[in-house]
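One-letter residues, chain by chain:
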Amino acid sequence: MAAMAALRALRWRLPPSPGRGPARRLSTAEFPSPEEKPQFPGASAEFAERLEFIQPNVISGIPVYRVMDRQGHILSPSEDPQLPKEQVVKLYKTMTLLNTMDRILYESQRQGRISFYMTNYGEEGTHVGSAAALDDTDLVFGQYREAGVLMYRGYPLDLFMAQCYGNASDPGKGRQMPVHYGCRDRHFVTISSPLATQIPQAVGAAYAIKRADANRAVICYFGEGAASEGDAHAGFNFAATLECPIVFFCRNNGYAISTPTSEQYRGDGIAARGPGYGLLSIRVDGNDVFAVYNATKEARRRAVAENQPFLIEAMTYRIGHHSTSDDSSAYRSVDEVNYWDKQDHPISRLRHFMLGRGWWDEEQEKGWRKSSRKMVMEAFEQAEQKPKPNVQLLFSDVYRELPPHLRRQRAALERHLQLYGEHYPLLQHFQK
């Protein structure tokens, strides 16, 4: 209809048809005004008479929001979240407990006790700062380096260990690689290995929550490397156009797997992409747990209240190797890593804050380090002693009724074990 109206309005431009009189003129009110803004449906902009391409470096970089300096001093009292002592201590204990668990499980992999591991060194502040700002029922989609979020929600050490060892206590029944945690009770969706697949999935969950009017939010974690995947584009665009209550949380740790950001993108990081999709965006100091908390708290509040997606880019640094399959000395210097470990670490920054408030001291530090290591070692030893899941679980939990091809495979395995069972440690290491 609109197209037909436009054609009728422009008929005066056409030569008269045979048998017709001259085309009518447009009235003055119908002439486009020189000051009229473009009416194209694809963008909101002004006309320009000068040919000029937009340069990527014209706009100065998005600032990094922070609350504390590196010595743990609050920079602006109005930005202090005023968290109670008990909660700040919980933030600190979660970060240090995670750090201790990382060290033990990393060494466990190096000794051949488990097959794989990924540490969280240097990124602990992004985990607990964001987790503390969420409601307990908010749904979490992680990538694979968010164990601190699950730990802050109370996931026990013995289940962390059970998952990494793939033993009979593993909720995933030994079917996943280590660090692929999941917990329905704590609203933490099970990790999957392929990068960025969780982003459109999280948007779908947020859209379902919106339709159910459930007063919840979804938070989706990913790294800056995963933001280069096509799934990130699809997720951002769907979230904006469907107006979903989701917080995209990007951990920009500088290196993806082994690729520095200078080789990943030419723009101003990940937060700069947000406005292009219609996402409200912010960049924060990921080593400042209070800055992460404030940004996530406000984003979560507005996402639920306004049904809007938000993008948080937390600038941090991966101190450890990407995983036990990586040797980061091949692409960065030891001096660079030492700087972040010694000079700008989220754990030491929060410790400085607590010491300044009189909420922590050296005796408490020594006591907690000792007791937390004991807790981790006890869970570690128990996990090693537990048997592996029953081999029959290889075939369950996918189909309600086992299809013929899986029944044949199961029968073949049973025959194989009857013939060659002495070559497998079934009785010693597998659950009956």
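Here, every reference points to the structure presented above.
Residues numbered from 1 in each chain as written. Predicted model: local features only at pLDDT ≥ 70, side-chain atom pairs only at ≥ 80, totals over all residues. Heavy atoms only, no water.

1. Quick word on the overall build of the chain
Looking only at helices and strands, the chain has 15 helices and six strands in total. Principal-axis analysis of the C-alpha atoms gives the chain an extent of 100 × 65 × 45 Å. Out of the 432 residues in the chain, the part that is buried amounts to 44%. Restricting to contacts in the chain with at least 6 residues of sequence separation, those with at least 24 account for 71%. For the chain, the accessible area works out to roughly 23,700 Å², and carbon and sulfur atoms hold 53% of it. Averaging the coordinates of the 52 positive side-chain charges in the chain and doing the same for the 50 negative ones gives two points 6 Å apart. (Helix = DSSP H or I, 4+ residues; strand = E, 2+ residues; numbered from the N terminus. Buried < 20%, exposed > 50% of the residue type's maximum accessible area, 1.4 Å probe, protein only. Contact = heavy atoms within 4.5 Å. Areas by Shrake-Rupley, 256 points an atom, 1.4 Å probe, with all protein chains shown as cover. Lys, Arg positive; Asp, Glu negative; His and termini not counted. Charge placed at Lys NZ, Arg CZ, Asp CG, Glu CD.)

2. A few points about the layout of surface pockets
In this approach, a probe sized like a water molecule rolls over the atoms, and the result shows the empty space that is left. Of the voids in this model, the largest pocket is the one considered here, and its volume is about 530 Å³. In terms of residues, the lining of the largest pocket owes the most to one element, helix 11 (residues 334-343), which gives five residues. Of the residues belonging to the lining of the largest pocket, the class tally is seven nonpolar, eleven polar and seven charged. (1 Å grid on protein atoms, 1.4 Å probe; cavity = no way out; pocket = protein on both sides within 12 Å on 5 of 7 lines; lining within 4 Å. Points joined across faces, edges and corners; volume = space filled by probe spheres on them. Nonpolar A, V, L, I, M, F, W, Y, C, P; charged D, E, K, R; others polar.)

3. Here we look at the nonpolar core
Core analysis: the biggest nonpolar cluster contains 74 residues, and Leu 91, Met 101, Tyr 117, Tyr 181, Phe 290, Leu 350 and Met 354 have the highest contact counts within it. No other element matches helix 2 (residues 85-110), which puts eleven residues into this core. For Met 101, the contacting residues outside a window of four places in its chain are Tyr 117, Met 151, Leu 157, Phe 160, Met 161, Tyr 181 and Val 376. In terms of nonpolar packing, the next biggest core, distinct from the first, is built from 26 residues, Ala 205, Phe 222, Phe 236 and Ala 240 among them. (Core = buried A, V, L, I, M, F, W, Y, C linked by side-chain atoms within 4.5 Å.)

4. As for the side chain of Asp 326
Its place among the elements puts Asp 326 in the loop between strand 6 (310-315) and helix 11. For Asp 326, a relative accessible area of 13% gives the class buried. Only 2.6 Å separates the side chain of Asp 326 from the side chain of Tyr 331, close enough to count as a polar contact. Leaving out residues up to four positions away in the same chain, Asp 326 has contacts with Arg 110, Ile 257, Arg 318, His 321 and Tyr 331. (Polar contact = N/O pair within 3.5 Å; in protein donor to acceptor, adjacent residues only side chain to side chain.)

5. Examining the sheet that holds strand 1 (residues 139-141)
Pairing in this open sheet of six strands is parallel, and the strands run 2-1-3-4-6-5 from one edge to the other. The strands lining the two open edges of the sheet, one partner per strand, are strand 2 (188-189) and strand 5 (280-285). Inspection of the sheet shows strand 1 paired to strand 2 by two bridges, in the parallel sense. Of the residues in strand 2, the one forming a bridge with Phe 141 is Val 189. In the packing of helix 6 (residues 198-212) onto the sheet, contacts are made with strand 1, strand 3 (218-223) and strand 4 (246-252), and the angle to strand 3 comes to roughly 170°. (Pairing = 2+ DSSP bridges. Axes fitted to C-alpha atoms, helices over the stretch in contact; angles between N-to-C directions.)

6. Some remarks on the environment of Glu 365
Within the secondary structure layout, Glu 365 lies in helix 13 (residues 362-385). Look at Glu 365 and you get buried, because its relative accessible area is 9%. Leave out the neighbours within four places in its chain, and Glu 365 touches Tyr 92, Arg 351 and Trp 360. A polar contact of 2.6 Å, which involves the side chain of Glu 365, links it to the side chain of Tyr 92.

7. Quick look at the pattern of salt bridges
Enumeration over the complete set of coordinates arrives at 21 salt bridges. With a closest N to O distance of 3.1 Å, Asp 397 and Arg 175 form a salt bridge. Taken together, the residues Asp 397 in the loop between helix 13 and helix 14 (404-420) and Arg 175 in the loop between helix 5 (157-165) and strand 2 connect sequence positions 222 residues apart. Its relative accessible area of 52% is what places Asp 397 among the exposed residues. Look at Arg 175 and you get partly exposed, because its relative accessible area is 39%. Note that Glu 313 is salt-bridged to Arg 283, the shortest N-O span being 2.8 Å. Linking Glu 313 in strand 6 with Arg 283 in strand 5, this pair joins segments that are 30 residues apart in sequence. As far as the burial class goes, Glu 313 and Arg 283 line up, both buried. (Salt bridge = Lys/Arg side-chain N within 4 Å of Asp/Glu carboxyl O.)

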